[in-house]
Each structure stands twice: as C-alpha cells, then as structure tokens.
Amino acid sequence: MSKGQVAIVGFGYIGSVIGTVLADRGFQVIGVEKNPHILDCIRNKKSPFNEPSLEELIQRTVTAERLFVSADPASIRDCETVIVTVGTPLSDDYRADTTQIEEAIKAIRPFLQKNVLVMIKSTVPPFTTSELVAPLLREIEGVKIAFCPERLAEGNAIREFQSIPIVVGGVDERSGKAAALFWKQALDTDVIEVSSATTAEMVKLSDNLWIDLNIALAGELAKLADRLGIDVLEVIGAANTLVKGAKGQHVNILTPSVGVGGYCLTKDPWFVQQLGSEYGLELLLPRTGRIVNDGMPLYSASLIHSHLSERFSDPSRVKIAVMGISFKNNTSDCRFTPTKPVIDELLSLGYNLEICDPWTSEEDEKLVVADLPVNKNIEETIREADCIAFLAGHQEFYSLSIERIAELGNEHALIFDGRMFFKREDIEKMRRLGLTYKGVGR
Ligand SMILES: NC(=O)c1ccc[n+]([C@@H]2O[C@H](COP(=O)([O-])OP(=O)(O)OC[C@H]3O[C@@H](n4cnc5c(N)ncnc54)[C@H](O)[C@@H]3O)[C@@H](O)[C@H]2O)c1
C-alpha cells in the first residue's frame, strides 16, 4: 500500500536521490522535471547521474510503478506533499538566484490541493521561504510551508539522505509540525525541528560555511607544511585529538586537497557574505574561505610544475596522467570542479596531458575538457607517464598496487596526491621503487 503521494519538483541530482529513496520506501512519487534528458533516463530506468546505488533504486521503483516523471506540473495534482529541489545558482553579483524557485512555485500553484504540505529543499538565503514562497501560496486553503535543508554529500548520497538528521522549520507552527511528522514517518532518521523556516535556512548555510572555512584552514596549514618540510596529515591527525568544548567535542580539522568544487560549497558561502552586506555587516570569513579554496588548484599545479621542472626542461615532452576530473571522489559531477583550473594551468605550461575518469559521462567531461578525450582505461593512461596526478580519488584508482603504478609509469615518475589518499607506508614503498611522491602539504 502506498504511504502517500509525493511530488518532487526539480528531478536533478538532489531531487532524484530524494524521489527514488521515498519511492523505495513506499511513497508514490511524481518527479516534475524540465530537462528532457533526465526524463528519458528515468523512463528508461537509467540514472542521469553516476551516483552509487541510484540506478538500482530507479530500476526498482520505476518497475514497481512507484516512480513516475513528467514535464507537466499538472501531474502533481493528487499529491499531499510537494518537495521543491530546483537549482539556486550564484548570480553575477554573488547573491542567490532564486528565479527557479519562484518559477517552479508559480508553475505548480494551480495544481496544489488544499492542506498540501510544500517543503523547500533547495539551498536558499534566510527569508526566501517566508517572504518569497509563502506569499505566492497564500491562496491555497490550509497550505503548510516549511524549509528542510538537504545536507547530503554526493558520492554517498543515498546513504547520507537516510542517515543525516533532518532539520525542519515551518513558516508557522502548524507547518513545522507537519514537516517534522512527514520526515519522521518517511525516514528512520532524527528530525530536528527548529523554530522557523528562516532558522532552518541559516542552518544549511552555516553547515556549508563551516565546511568551506575548515577546508580553507587545512589548505593553509598544508601550504605551511610544504615550506616546513613536514607532513600536514600527521599534524592534523595529532591536532584533532584535542578535546575542546563542554560537550567533549574534538578539534576537527578536515583534509587539504587540490581544491573545493561542486555546486554547493562554491556558492553557499557567498550567499552568507552577501547576506551580511545586506544587513550592513562586512563579514570577513566567507569571502576569505572562498579565496583560499579557489587558490588551491593553482597551488597544486605549481607543486606539480616545480617538481617536474627540476627534471625536465621541455614540458611538451612530459606526459602527465591526470587521474580523475570530477569535483570529488566517486562521483561524476564536474560542476565547478577544482580539477579544471589545474588542467588548464598544466596545459598552458605546455605539458602533454592524458586524462582518465571512469565515472564521468560525455556531458560531465564537456565542462572540463572540451578538446581532450577522456580515457576510461586506467592502466593505459598511466603507461609511460612522467607524472601521475590523482586529482579525484576514485576507488578504481586505488585498486592498482604501487608496484603496478611503478611498472606502468616512467622511471622516477612523480605521483601527485591531490586527495591525500596514500598512507605513509605507500609513500615509503613509492620511494623504494624510485617514484617521487608529492601531496598537498606532505
Ligand atoms: N548537489 C548537492 O550535493 C546538493 C546538496 C545539498 C543541497 N543542494 C541544493 O539542492 C538544490 C538542487 O541542487 P542539484 O545539485 O540537485 O541541482 P540540479 O541542477 O542537478 O537540479 C535542479 C533541477 O531542477 C530542474 N528544474 C528547474 N526549474 C524547474 C521547474 N520549474 N520545473 C521542473 N524542473 C525544474 C532543473 O532542470 C534541474 O534538473 C540546490 O539549491 C543546491 O544548492 C545540492
């Protein structure tokens, strides 16, 4: 028996994860989506995104006739619950562009039934739910409106969506309670009801600001460690053992890398920066974190270049195997990937690049390398490379032994570890095999 009918408006990355999980948990789900490619994929039981387990869920729920997709907003007319997951990109003036939210709400408005629960899950600045969405829905009798931030991370989305506590905040008490009840019944996760939609909106921005700043801190520590000739991971590992705070929390410095990318961390801190400006505050941290993180790809390219230029005078005779172009490990998503500025810089320095990413589709690859082919064969890419640069840490790369990497690559090849994957014993082994290792800050 169906647990109820739920509409997901915007069946992109987040919408497809939420929609398929809810369908798998017994809801009748209608996904409303504008993009014909996504509609085709779902109808053909294919995943439009390379996210672990997503295709399996799509196959199961479409076959069971629990998941339907349509471009027609009228298809939501029988739904008691509507979840909005459209995009909220960064506008040219670094504010949140909420046009898709406004358009989506206007498109579905004529088909909403009375007492419907409308929840916004797209990331938006404070007051969007109460001052943009709520007035547009004023005429719907008994409508309940809440904001429930989505806090999952790509690459582990299906599991995280079902395990991270759900935060809800209503535009009024009745809405908050209805949203909390929906999630309690839908998932087995904790539900945290905060006092308003505005508070819930700020929760999401706070989470992402913390992550971005923390990674920026790790990045700056890594740069310093490079100068000091010490291992930043050793520093961070030991630093993180400090208990700090009345509740026994630990210092928790994250891991430095080739840079921060993706659709969220590259924009959400700017939403906070601009929010401060709107309220007469010159905030320093959001901007600083963004600047530091945006600088990491060029810093990484300079590490590679400085090592290679010690051995080679002509970059055009040097082959660099670029392993992974997506913005993070085990995902296909290339939106705002930090690998792009690394690749562009190495190309402009004249290096000869061969690129491998087993996860990406042609659509993804177009965002990074318009003119270069992307090889799916790992060993072929590494063969005779003078540098093997791990820019995204896909699991497939690490199934290769250090011995095999040494066999395939050229003598004394440089291993650039942009994702801080290799353990100290791996690094020792690399050195014994004549390879040179360089990580970000180690
Ligand atoms: N991607 C993530 O990891 C992540 C994590 C947490 C929160 N978020 C937030 O979730 C929101 C969605 O992110 P995403 O990565 O899924 O973006 P996305 O671009 O993959 O998905 C948005 C989808 O909405 C569709 N759409 C836009 N307007 C529409 C309309 N009027 N009717 C039907 N479909 C419409 C688009 O075609 C697109 O497919 C953003 O606000 C983002 O910040 C994303």
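Worth saying up front: this structure is predicted, and the values here are computed from it rather than measured.

Participant: Hey, could you go over the sheet that holds strand β2 (residues 28-32) for me, with residue numbers and the actual values?
Facilitator: If you walk across this open sheet you meet the 8 strands as β3-β2-β1-β4-β5-β6-β7-β8, and the pairing is mixed. Taken across any chain shown, the strands that pair with only one partner, and hence form the sheet edges, are β3 (67-70) and β8 (191-193). On average, adjacent strands in this sheet sit at an angle of 25° to one another, irrespective of strand direction. In terms of strand pairing, β2 meets β3 through 4 bridges, oriented parallel. Residue pairing for β3: G31 is matched across the bridge by V69. The sheet contacts of helix α1 (residues 13-24) involve β1 (5-9), β2, β3 and β4 (81-84), and relative to β1 the element is tilted by about 170°.

Participant: Go over the nonpolar core with me, naming the residues and quoting the values.
Facilitator: Membership of the largest hydrophobic core comes to 40 residues, with the highest contact counts inside it found for L22, I83, M119, F182 and W183. Ignoring any residue separated from it by four or fewer positions in sequence, one finds I83 in contact with V6, A7, I8, V9, I18, L22, M119, K121, F182 and W183. Of all hydrophobic cores here, the second largest spans 34 residues; its members include I236, A301, V318 and I343.

Participant: Explain the domain arrangement of the protein to me, using residue names and the numbers behind them.
Facilitator: Per the domain assignment, the segments making up the protein are domain 1 (5-146) and domain 2 (197-442). Domain 1 and domain 2 are separated by 32 Å when their C-alpha centres are compared. Contacts between domain 1 and domain 2 engage 20 residues on the former and 23 residues on the latter. It is N50, T123 and P126 that lose the most area in domain 1 upon contact with domain 2, and together they represent 31% of the buried surface on that side.

Participant: Describe the site of the ligand, and please don't skip the residues or the numbers.
Facilitator: Neighbouring the ligand are 24 residues, the closest being I14, E33, T88, E154 and K267. In the environment of the ligand, an oxygen atom lies 2.5 Å from a nitrogen or oxygen atom belonging to the side chain of E33. The separation between an oxygen atom of the ligand and a polar side-chain atom of K267 is 2.8 Å. When the ligand sits alone it has 830 Å² of accessible area, and the protein chains cover 89% of it. Secondary-structure elements contributing two or more residues to the shell around the ligand are α1 and α4 (99-108). Residues belonging to the shell around the ligand are distributed by class as follows: 9 nonpolar, 8 polar and 7 charged. Each of domain 1 (5-146) and domain 2 (197-442) accounts for three or more of the residues forming the shell around the ligand.

Rules used throughout
Residues numbered from 1 in each chain as written. Predicted model: local features only at pLDDT ≥ 70, side-chain atom pairs only at ≥ 80, totals over all residues. Heavy atoms only, no water. Pairing = 2+ DSSP bridges. Helix = DSSP H or I, 4+ residues; strand = E, 2+ residues; numbered from the N terminus. Axes fitted to C-alpha atoms, helices over the stretch in contact; angles between N-to-C directions. Contact = heavy atoms within 4.5 Å. Core = buried A, V, L, I, M, F, W, Y, C linked by side-chain atoms within 4.5 Å. Buried < 20%, exposed > 50% of the residue type's maximum accessible area, 1.4 Å probe, protein only. Domains from an automatic or database assignment. Buried area = accessible area lost by both parts, 1.4 Å probe. Near = heavy atom within 4 Å. Polar contact = N/O pair within 3.5 Å; in protein donor to acceptor, adjacent residues only side chain to side chain. Areas by Shrake-Rupley, 256 points an atom, 1.4 Å probe, with all protein chains shown as cover. Nonpolar A, V, L, I, M, F, W, Y, C, P; charged D, E, K, R; others polar.

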